[in-house]
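# Close look at the chain arrangement
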Amino acid sequence: MKLVFATHNKNKFTEVKAMLPNRIELLSLDDIGCNEDIEETADTIEGNAILKANYVRNNYNLSCFADDTGLEVQSLNGEPGVFSARYAGVSHDSNANIEKLLKNLEGKKDRSARFKTAIALNMEHEEIMFLGICEGEIIKELRGDSGFGYDPVFQPKGFDKTFAEMTLTQKSEIGHRGKAMRQLIEYLSK
Ligand code: ITT
């Protein structure tokens, strides 16, 4: 079975590919010749996942899924949320995003946060959404150099390591993307 994963984020692609059984051949946007930046104009994480999956389905007529992920920080009213990639203004500058996040949390007692992943699957006659949430907190300094994005400052609940201090397998076992992906895999195996 061939399935396109509609992402330009190579770290996400690596995480997802490592979880999928061999019988699913995962294609990247590069593999199908899609170099466009798919616009994320929805105001929810779920909405943006649907936009990305629909874009590939409508333009390339291929079965596809897309992941949209956001970091929701309790004491910042759910920010950066849907703006996680461009929190500091420049899209995908993780260092600037983390710097802004730590600054906005200065002096706040409540540092609880959660990652939320929405995976939208779009196959012929089937459009389904899978959600994965991982609760945790934002620590005060950066720790670890694995992973990507906000991983160096996110410590999942019940662990004393950040995601950036974990292996890919550990992160996937407890993380938001892993939770959503396992539902997708179960659905595809039916
Ligand atoms: P695509 O839209 O091409 O999939 P993206 O990087 O724009 O890639 P998102 O909009 O879903 O992906 O993600 C928003 C940002 O949230 C992303 O740029 C990262 O900084 C951060 N992020 C997403 N997943 C993460 C994870 O597992 N760990 C840490 N940060 C993550």
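Presented here is an overview of the structure given in this document.

Take the nonpolar core next. Burial of nonpolar side chains together is a common tendency in soluble globular proteins. With 19 residues, the main nonpolar core has L71, V73, L101, I138, Y150, V153 and F154 as its most contacted residues. Listed by contribution, the elements that provide at least two residues to this core are strand 3 (64–73), helix 3 (94–104), strand 4 (112–123) and strand 5 (126–138). For this core, the element with the most residues is helix 3, which contributes three residues. Apart from residues lying up to four places away in sequence, Y150 is in contact with L71, P80, S84, Y87, N97, I98, L101 and F115. L3, F13, A180 and L184 belong to the second largest nonpolar core, which has 17 residues in total.

Looking now at the site of the ligand. Close contacts around the ligand come from 20 residues, with T7, K12, K52, H92 and D151 the closest. Residue E40 places a side-chain N or O atom 2.8 Å away from an oxygen atom belonging to the ligand. Relative to its unbound accessible area of 600 Å², the ligand is 95% covered by the protein chains. Secondary structure elements with two or more residues in the shell around the ligand: strand 3 and helix 5 (176–188). Among the elements that line the shell around the ligand, the one with the most residues is strand 3, at three residues.

With that settled, the discussion passes to the pattern of salt bridges. Applying the stated rule across the entire model yields eleven salt bridges. The salt bridge partner of E15 is R177, with a shortest N-O separation of 2.9 Å. Note that E15 is positioned in helix 1 (residues 10–19) and R177 in helix 5, a separation of 162 residues in sequence. A single burial state applies to E15 and to R177, both of which are buried. Measuring nitrogen to oxygen at the nearest pair gives 2.9 Å for the salt bridge that ties K52 to D68. Linking K52 in helix 2 (residues 45–60) with D68 in strand 3, this pair joins segments that are 16 residues apart in sequence. Judged by its relative accessible area of 6%, K52 is buried. The class of D68 is buried, set by a relative accessible area of 5%. Salt bridges here are not isolated pairs; linked through shared partners, they connect K12, E15, D67, D151, K171 and R177.

Cut-offs applied
- Sequence order as written defines residue numbering, which begins from 1 separately in each chain.
- Per-residue local features of the predicted model are confined to residues with pLDDT of at least 70, and side-chain atom pairs are confined, for both listing and counting, to 80 or more; whole-chain, interface and lining totals are unaffected and use all residues.
- By convention in this description, side-chain values take in all heavy atoms of the structure and omit both hydrogens and water.
- Nine residue types can take part in a nonpolar core, namely buried Ala, Val, Leu, Ile, Met, Phe, Trp, Tyr and Cys, and a core is a set of them joined through side-chain atoms within 4.5 Å.
- Each residue is assigned to one of three classes by its accessible area relative to the maximum for its type, calculated with a 1.4 Å probe on protein chains only: buried under 20%, partly exposed between the two thresholds, exposed over 50%.
- Counting from the N terminus, the helices are DSSP H or I runs at least four residues long and the strands are E runs at least two residues long.
- Throughout, a residue-residue contact means that at least one pair of heavy atoms, one from each residue, lies within 4.5 Å.
- Proximity is defined per residue: if any heavy atom of the residue lies within 4 Å of a molecule or strand, that residue is considered near it.
- Each polar contact in these results corresponds to two N or O atoms within 3.5 Å; when the atoms are within protein, one needs to be able to donate a hydrogen and the other to accept it, and residues that are neighboring in sequence are counted only if both atoms are side-chain atoms.
- Surface accessibility in these figures is a Shrake-Rupley result with a 1.4 Å probe; residues are shielded only by whichever protein chains are displayed.
- Each salt bridge in this description consists of a side-chain nitrogen of Lys or Arg and a carboxyl oxygen of Asp or Glu lying within 4 Å of one another.

Honestly, that's just the spatial picture; any functional story needs more than this.
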